[in-house]
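# Coordinate analysis (summary)
If you want the building blocks of each chain, they are given just below.
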Amino acid sequence: MAILLDGKATAAALRQEIAEEVKGSGMTPGLAVILVGDDPASRIYVNNKKKACAAVGFYSEEITLPADVSQETLIDTVKALNKREDIDGILCQLPLPSHLSDRAVIAAIDPKKDVDAFHAVNAGNLLRGTPSILPCTPAGIMELLFRYHIDIDGKRCVVVGRSNIVGKPMALLLLQKNGTVTVCHSHTRDLAAITRTADILVAAVGVPHFITADMVKAGAVVIDVGMNRDENGKLCGDVDFAAVEPQVSAITPVPGGVGPMTIAMLLKNTLTAYKNR
Ligand code: NDP
């Protein structure tokens, strides 16, 4: 039976460590979250982030803007937050309404306060191997692998997905830990033959049950980033967990795997941004 990589418990341990570091230290890291419009999923994510901040003793502030806000007003909001001494981290909840450019908004955030690590400066530092703030989801996966003593050095790592938020930074972080990394995407030929070579397989595709048992090597470590809804509206990952779990050495569940680690890393980044400033 596979080891279940418990992101919920690991994130709780990480949050506890952060809370202990902050408590009584005089530090009050501050996170500002910008929410544009009233998308229900974004509302849930923002509420979770605020709750997580409160639980570890951070200051958090939500800035809610109407769905029809202009690009100029949104950028001005970011610039005002850049100047605030009580705000160490700024994030703009994505996706934005279609008339707004997320690229322009991210570019307006002071890279030192870019706790999502989406700014080109932080992406560039990651590429060069000198990052200060890491993108939360891939960093959360690395933390999970570290805490479960899963060695990456020399391992064959396959990342399915090449988004700027997950796939690409994930590949870079695995490479930095001396993994031999292959990145697959929708144009990859004979995907299953490649995924079957993986000692560590990361699925960040966004398609329910995309990774089936025949695509996974026996004894592999499988990380499921996917957060999808199945035909019954139930949350599920990119991996066919029931079929894959019996043949692998370790696997993340959905929910309770990568998701909780992402928010814990956001807190870690906010604390890092506070210390860096
Ligand atoms: P994107 O849609 O931005 O990227 C998906 C990637 O999957 C693309 O690179 C795409 O290839 C690739 N892909 C799609 N179809 C195929 C296919 N048939 N074969 C091979 N590759 C394919 O998604 P994200 O990276 O933003 O997110 C991926 C998943 O992770 C989603 O379910 C999302 O909800 C979840 N997620 C979870 C988080 C968490 O905290 N747990 C955080 C962020 C995301 P191509 O580039 O060629 O189009």
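Each value, and the rule that gives it
Residues numbered from 1 in each chain as written. Predicted model: local features only at pLDDT ≥ 70, side-chain atom pairs only at ≥ 80, totals over all residues. Heavy atoms only, no water. Helix = DSSP H or I, 4+ residues; strand = E, 2+ residues; numbered from the N terminus. Buried < 20%, exposed > 50% of the residue type's maximum accessible area, 1.4 Å probe, protein only. Contact = heavy atoms within 4.5 Å. Core = buried A, V, L, I, M, F, W, Y, C linked by side-chain atoms within 4.5 Å.

### Some points on unusual backbone geometry
Between Leu 94 and Pro 95 the backbone carries a cis peptide bond, its omega angle lying at 5°. With respect to the secondary-structure elements, Pro 95 resides in the loop between β4 (89-92) and α4 (102-108). Here the bond from Val 254 into Pro 255 is cis, since omega is 0°, no more than 30 degrees from zero. In this structure, Pro 255 sits in the loop between β11 (250-251) and α10 (258-276). A positive phi angle is found at His 149, which is not glycine, with a value near 55°. Along the chain, His 149 turns up in the loop between α6 (136-147) and β5 (156-160). We classify His 149 as exposed; its relative accessible area is 74%. Phi is positive for Asn 178, which is not a glycine, with a value near 70°. Along the chain, Asn 178 turns up in the loop between α7 (167-176) and β6 (180-184). According to the relative accessible area criterion, Asn 178 is partly exposed, its value standing at 45%.

### Here we look at the environment of Gly 7
For Gly 7, the location among the structural elements is in helix α1 (residues 7-22). With 50 residues separating them in the primary sequence, Gly 7 and Gly 57 have C-alpha atoms 21 Å apart. Look past the residues within four positions of Gly 7 in its chain and what remains in contact with it is Leu 144, Gly 256, Gly 257, Pro 260 and Met 261.

### So, the nonpolar core
Residues Leu 145, Leu 174, Val 202 and Ile 223 are the most contacted members of the largest nonpolar core, which totals 50 residues. Residue contacts for Ile 223: discarding those within four places in its chain leaves Leu 5, Ile 141, Leu 145, Leu 201, Val 202, Ala 203, Thr 252 and Val 258.

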